[in-house]
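A structural walkthrough
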Amino acid sequence: MGQGQVMKQHMALILMQLLSKKRQRKLTVAEFLEQAEVSRTTFYYHFPNGMCGLFRWTLEQEVLALVRQAICAGHWEEGCHEMVQFIMRYPEFCLNIYRFSDEMLRCAFFESFTTTVFKQVLEKYRTQYTESELKDFEIFYSGALINQIDRWFEGNLKESGEAVDVRVCFNLRQIERLMKQQLYK
């Protein structure tokens, strides 16, 4: 692993430590740099987009890597479980990231997750539907899944993660069932 990766991992670890302790009103670059013992130049070299870049990189490394690994192994439900489990393990971190991130960053992250899931769920129907139809399924149901996750965060994660996990997996199985039924009509 190169020095750049090591530095990024160091900054991600410090970010997780800072944001996991309690709800934060804000986290400035200066506060972060002091805690991470990293220069401003080094920080912006690795994350030209500032804190938003660090947020996204951290989430991609900590969550999406696990989700993609499960999904690539053919286990989309396990990928969904990984996402929910991460949120349940680090609720303060996730809530802080949610509040600090702008809506576009959140949407991009959630879309990355849902697109990964839906590509796996829809893969087996590639020969029965056109690319356009599959893309329509992906866009429509990704939006519904993103809405579920977003609502969970808007409610400060008060709903149990297990309930969210069950609902998400149930609905994904229903989508699969619906697609199978459409094939035999």
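Residues numbered from 1 in each chain as written. Predicted model: local features only at pLDDT ≥ 70, side-chain atom pairs only at ≥ 80, totals over all residues. Heavy atoms only, no water.

This paragraph deals with unusual backbone geometry. The phi torsion at Asn156 lies on the positive side, around 55°, for a residue other than glycine. Following the sequence through the fold, Asn156 ends up in the loop between α8 (131-154) and α9 (161-183). Its identity is not glycine, yet Leu157 carries a phi of approximately 60°, on the positive side. With respect to the element layout, Leu157 can be found in the loop between α8 and α9. (Helix = DSSP H or I, 4+ residues; strand = E, 2+ residues; numbered from the N terminus.)

Its volume calculated, the largest pocket comes out at about 170 Å³. Lining the largest pocket are Phe118, Tyr141, Ala144, Leu145, Gln148, Arg167, Val168, Asn171, Leu172, Gln174, Ile175 and Leu178. When contributions to the lining of the largest pocket are tallied by element, the ones reaching two or more residues are α8 and α9. The leading source of residues in the lining of the largest pocket is α9, at 7 residues. Here the lining of the largest pocket is built from residues that sort into 8 nonpolar, 3 polar and 1 charged. (1 Å grid on protein atoms, 1.4 Å probe; cavity = no way out; pocket = protein on both sides within 12 Å on 5 of 7 lines; lining within 4 Å. Points joined across faces, edges and corners; volume = space filled by probe spheres on them. Nonpolar A, V, L, I, M, F, W, Y, C, P; charged D, E, K, R; others polar.)

Right, let's get into the UniProt feature "domain: Transcriptional regulator TetR C-terminal Firmicutes type" (unreviewed entry) in the protein. Residues annotated in UniProt with the feature "domain: Transcriptional regulator TetR C-terminal Firmicutes type" (unreviewed entry) correspond here to residues 75-162. The span residues 75-162 shows a helical share of 81% and a strand share of 0%, and its end C-alpha atoms are spaced 18 Å apart. (UniProt positions renumbered as here; feature names shortened; annotations may be inferred.)

Counted according to the given criterion, the structure contains 2 cavities of 30 Å³ or more. What the largest cavity holds in volume is close to 170 Å³. Taken together, 15 residues make up the lining of the largest cavity; nearest its centre are Leu59, Ile97, Phe109, Phe110 and Phe153. Of all the elements in the fold, those that place two or more residues in the lining of the largest cavity are α4 (51-72), α5 (76-89), α6 (91-100) and α7 (103-123). For the lining of the largest cavity, the element with the highest residue contribution is α7, accounting for 4 residues. Considered as a void within the structure, the second largest cavity measures approximately 60 Å³ in volume. Lining the second largest cavity are Cys80, Met83, Val84, Ile87, Phe113, Leu145, Ile149, Trp152, Val164 and Val168. Looking at the lining of the second largest cavity, the elements with two or more residues in it are α5, α8 and α9.

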